[in-house]
Amino acid sequence: MNKVFHRGTLLLLFLILAMVAGGCAPRGAVVNTGWTVVAATPEAAYAVLYGGTIVALDAAEGRELWRYPVAVQRPGGLAGLFSRPDPNAAQPLEATYGAPVVVDDALLAASLDGKLRAFDREKGDLLWELQLEGGVIGGLTVRDGIAYLGTNEDLVYAVDLATREFVWAEPFHTQGWAWGAPAVDAERLYIGSMDHHVYALDRATGTALWTFNTSGAIPGPVALADGVVYLGSVDQKVYAVDAATGQLVWEHSVDHWVMGQPLVLDGYVYVASLNGRVHALSVADGSPRWEAVSVERAVRAGPQALNGGIVVANEAGELWRIETATGDRTRLYPESGEIGLDTGMGAILSAPAVADGWAVIGTTKGYVVALDASASGATERWTYAPN
């Protein structure tokens, strides 16, 4: 298939996501609102809200520690009517679909305007920003002080975070947009593309070592475990590929598109498909551990491991737990109501963040919810409402 078809496929996917995540942006926010994406540490949760504001929230109470940009109070009355925003004032981020990443004392975020930004993790000050060619949809991966990320201009970058300089002489060119964040090991970077290929690149030079071809676009991040790359595709298959050679280890057909990152845990790879079903496959041969489990609504992000099970969020605004041994499911959030959208808080299109026994979810209306989770259920720790 040609590149025009790849771009048409991506446009269709993007429109689907935009319609699901739809809603009006708050006044003064960016036009492209993105999702609410979250990261968590034992001490704090970090969220890029759907309108581009970043908040840091205390883990215990959900108290706002800082926000970027800082809200500016405009004068009331007639003065407010005739006042103009400061053109030099900090602006919210453009649409953000990949989770922010905590690296030492910094919080990194990449957005659709093609900027990679670093913020002071304690104060929220913008430390620096770097302009890339093309927008970033899938977020980034950091290893050994290097950030790796792809753009919708068919480019893959490696950025030295200490010097803010590009590591490679030029970015690597794919034949289609690179949506998902890469996986990285000591020698190579692995990234999927809308051109139906997975690329393995030399970390030092950015040159291609091998490519693996699927029969569909690869919109999500790939996963790497024990020398094997795992990925899902729009062709409704899950693949396991040898990381050293690029040779197929096995493939398994599922019943819909896979857009989220696979999770490898204790000898099995777990993937969620767009029709709301979660699959558990043996890393040895791709055989199912149990029959696919429904979580009722579409799942766009991959599962996360938490307290001996996995958790999956769906577009109805719900968080489900699945027991890895049996496939038994429990809805963790909300505790009552027919579906999560009954809460009025919006869909969940991004992956939950987990840390130290707690889970954090972000909704398309800018809410952030923290849950204390266990094998038997979950209790709401706090809810942050956008303002």
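Every chain is numbered on its own, with residues counted from 1 as its sequence reads. Reporting in this predicted model follows two pLDDT cut-offs: at least 70 for local features of residues, and 80 or more for side-chain atom pairs to be given and counted; totals over whole chains, interfaces and linings ignore these cut-offs and use all residues. In computing side-chain properties, one takes all heavy atoms of the structure into account and sets aside hydrogens as well as water.

**Overview of the overall build of the protein chain**
Working step 1: Segments assigned H or I by DSSP are reported as helices when at least four residues long, segments assigned E as strands when at least two residues long, and all are numbered from the N terminus. In terms of regular secondary structure, the protein chain is built from two helices and 33 strands.
Working step 2: Relative to its 387 residues, the protein chain shows a buried fraction of 56%.
Working step 3: A fraction of 43% describes how many contacts in the protein chain between residues 6 or more apart in sequence connect residues 24 or more apart.
Working step 4: When the accessible surface of the protein chain is summed, it comes to about 16100 Å², and 50% of that surface belongs to carbon and sulfur atoms. Think of it in three bands: residues with accessible area under 20% of the maximum for their type are buried, residues over 50% are exposed, and the middle band is partly exposed, with areas taken using a 1.4 Å probe on protein chains only. Note on definitions: a residue-residue contact is assigned when non-hydrogen atoms from the two residues lie within 4.5 Å. Shrake-Rupley sampling with a 1.4 Å probe provides the accessible areas, and residues are treated as covered by the protein chains on show and by no other component.

**Some remarks on the side chain of T53**
Working step 1: Structurally, T53 is set in the loop between strand 2 (44–48) and strand 3 (54–58).
Working step 2: When its relative accessible area of 16% is taken as the criterion, T53 is described as buried.
Working step 3: T53 has contacts with A47, V48, R67, Y68, P69 and P92, leaving out every residue within four places of it along the chain.

**A closer look at the nonpolar core**
Working step 1: Throughout this description, the term nonpolar core refers to a set of buried Ala, Val, Leu, Ile, Met, Phe, Trp, Tyr and Cys residues connected via side-chain atoms within 4.5 Å. Within the largest apolar cluster, 27 residues are counted, with the highest numbers of intra-cluster contacts made by I54, W66, L93 and F119.
Working step 2: Secondary structure elements with two or more residues in this core: strand 2, strand 3, strand 4 (64–68) and strand 6 (106–110).
Working step 3: The leading source of residues in this core is strand 2, at three residues.
Working step 4: If you look at the next biggest cluster of nonpolar residues, it comprises 17 residues, including L108, A110, L130 and L155.

**What to know about the sheet that holds strand 27 (residues 309–313)**
The strands that make up a sheet pair up through hydrogen bonds in the backbone, lying either parallel or antiparallel.
Working step 1: A sheet is described by the order of its strands in space; here four strands give the open sequence 26-27-28-29, paired in antiparallel fashion. Two strands lie at the open edges of the sheet, namely strand 26 (304–306) and strand 29 (329–333), each paired on one side alone. Averaged over all adjacent pairs, the angle separating strand axes in this sheet is 35°, with direction ignored.
Working step 2: By the convention used here, strands pair only if DSSP detects at least 2 bridges between them. Here strand 28 (residues 319–323) runs beside strand 29; their pairing, made up of four bridges, is antiparallel. Paired with I322 across the two strands is R329, which belongs to strand 29. The axes used here are C-alpha line fits, helices contributing only the stretch in contact, and every angle between their N-to-C directions lies in the interval 0 to 180 degrees.

**Quick notes on the environment of V198**
Working step 1: Mapped onto the secondary structure, V198 falls in strand 16 (residues 197–202).
Working step 2: Since its relative accessible area comes to 1%, V198 is described here as buried.
Working step 3: In this structure the C-alpha to C-alpha distance between V198 and P182, which are 16 residues apart in sequence, comes to 10.0 Å.
Working step 4: Every residue in contact with V198, bar those within four places of it in the chain, is listed here: I191, G192, W210, T211, F212, I218 and L231.

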